[in-house]
Amino acid sequence: MIPEAFEYHCPTTLEEAWQAMAETGEDGKIVAGGHSLIPMMKLRLASPKYLIDIGRIEELRNIREEDGGIEIGALATHHQIEASDLLKLLCPLLPETASEIGDVQVRNMGTIGGSLAHADPAADWPAAILALEAEIEARSAHGARWIKAADYFVDLMTTALEPDEILTRIRVPAVHAHTGQAYLKLHHPASGYAMVGVAVCLTLAESGVVAKLAVGLTGAGAKAVRAVAVEEVLSGKTPKDSRLNEAAAVATQGMELNGDLYASAEYRGHLARVYTRRALAKALERARGTA
Amino acid sequence: MTIEGTYNIAAPQETVWQHLMSPESLARALPGCERLEPAPDGSFQAVLKIGIGAVKGTYHGRIELADVIPPESYRMKVEGKGAGGFVKGEGTLNLSENGQGGTTIQYSGEAQVGGLIASVGQRLVQATARQVVNQFFQALVHQM
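What counts and how
Residues numbered from 1 in each chain as written. Chains lettered and ligands numbered in written order. Predicted model: local features only at pLDDT ≥ 70, side-chain atom pairs only at ≥ 80, totals over all residues. Pairing = 2+ DSSP bridges. Helix = DSSP H or I, 4+ residues; strand = E, 2+ residues; numbered from the N terminus. Axes fitted to C-alpha atoms, helices over the stretch in contact; angles between N-to-C directions. Contact = placed C-beta atoms within 7 Å.

**Considerations on the sheet that holds strand β2 (residues 28-31) of chain A**
All names here are of chain A.
Line of reasoning, step 1. With respect to topology, 3 strands assemble into an open sheet ordered β1-β3-β2, the strand pairing being parallel. In this open sheet, the two strands that pair with only one neighbour each are β1 (7-9) and β2. On average, adjacent strands in this sheet sit at an angle of 25 degrees to one another, irrespective of strand direction.
Line of reasoning, step 2. Relative to strand β3 (residues 50-53), β1 runs parallel, the two being bridged by 3 bridges. Bridge pairing in β3 links tyrosine 8 to leucine 51.

**Some remarks on the sheet that holds strand β14 (residues 225-226) of chain A**
Residue and element names in this part refer to chain A.
Line of reasoning, step 1. Reading across the sheet, the 4 strands line up as β11-β12-β13-β14 and stay open at both edges, with antiparallel pairing between neighbours. Two strands bound the open sheet, and with one partner strand each, they are β11 (179-187) and β14.
Line of reasoning, step 2. With 8 bridges connecting them, strand β12 (residues 194-204) and strand β13 (residues 210-218) associate as antiparallel partners. Within the sheet, the bridge partner assigned to glycine 197 lies in β13 and is threonine 218.
Line of reasoning, step 3. The strands that helix α12 (residues 265-287) touches are β11, β12 and β13; relative to β11, the one it contacts most, it runs at about 150 degrees.

**Comments concerning unusual backbone geometry**
Line of reasoning, step 1. In this structure, proline 71 of chain B follows proline 70 of chain B across a cis peptide bond, with omega equal to -10 degrees.
Line of reasoning, step 2. Relative to the assigned elements, proline 71 of chain B resides in the loop between β4 (55-69) and β5 (73-82).
Line of reasoning, step 3. The backbone of aspartate 67 of chain A shows a phi angle near 45 degrees, a positive value even though the residue is not glycine.
Line of reasoning, step 4. As for its position among the elements, aspartate 67 of chain A is in the loop between β4 (63-66) and β5 (69-73).
Line of reasoning, step 5. In this model, methionine 157 of chain A sits at a positive phi of 45 degrees, which is unusual for a non-glycine residue.
Line of reasoning, step 6. Structurally, the position occupied by methionine 157 of chain A is in the loop between β8 (153-155) and β9 (158-159).

Structure, rendered in structure tokens:
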């Protein structure tokens, strides 16, 4: 449980961080809270020669309201998000998701940006980020760009970030009226990661039909995905119980499911359908203001 | 662990077969392949550098083809090891015309993964294998 030796860099500005990245090239690895990377280093699954710790770049730590949305700095810890009054009011899905991550120690140190850059297939944030249709800012020495959540997760632990880019901010829209959000997961008993996790963001029209629905699913496949088939079954329709069942039944349509020692692919598929059904019901209750 | 699937390539079966039998094409298509050389016994020696996210490793392996029936099928035996553990597997590839001038490749195999990766990264093994296979076929198509 002792990592291989590495050289430690701790830039205090983004400029210094980019410079360190340019100097260390593919032997360098950025670390934020270190709660994904350091355990992998201790297991020697990862052995970067250089660690570039961006934890001292203060400007990446803030959560603030901006143009009708909320901007979250990449270094915001899970706990900071869990405890944010602003987010509880404007985007309660994020505090709810944060409260489901790991344990207190992990939430105190781990960051949203670190988790998203690592892109573990069973991490919690990707489901919420997809359901919120959030945007992710990537900055390099040459400029900044916003990446849509749907384009961000490329494959297993692979994101749309370029090697010279740092994930700096996440932008989420504030909730509309008549909107309910929910994140439900089954915790892996040892690691706390999601066996499956389902995030739902559901808006009802005045008439009671589903005006807008986005469902993010994590833990089931190689990467988190939008459960598009579920959204299609419900969009524009009255969310009756039978229709919720019908929607949840297609939660893993078109997906290649992960199997491992703890849960077969078949079992994961079952879990995904059950948790999708429950998350839809919870979001609906909240959208109706009855929860 | 079972790895199986199908892949469609918009090229004639004969072309696909030639690429699958050519060490140069394979070397270019295998993700992170640093070396692929024929050995005297008809097998191939390979060095692959596989990196997924923070997990990177160099693997040395041996690939052997058997029951080669051109241009339809062969069996492939793979053995490899690196700092992260070892992999051992056997599988078959079947090629067939898909009726639209293209070729369907069906593959299925069994692989055993052991060592460090298997003990601590077990939940990532299957998804990793799938990603490597997909990258391989995409890169192969790219050459045609």
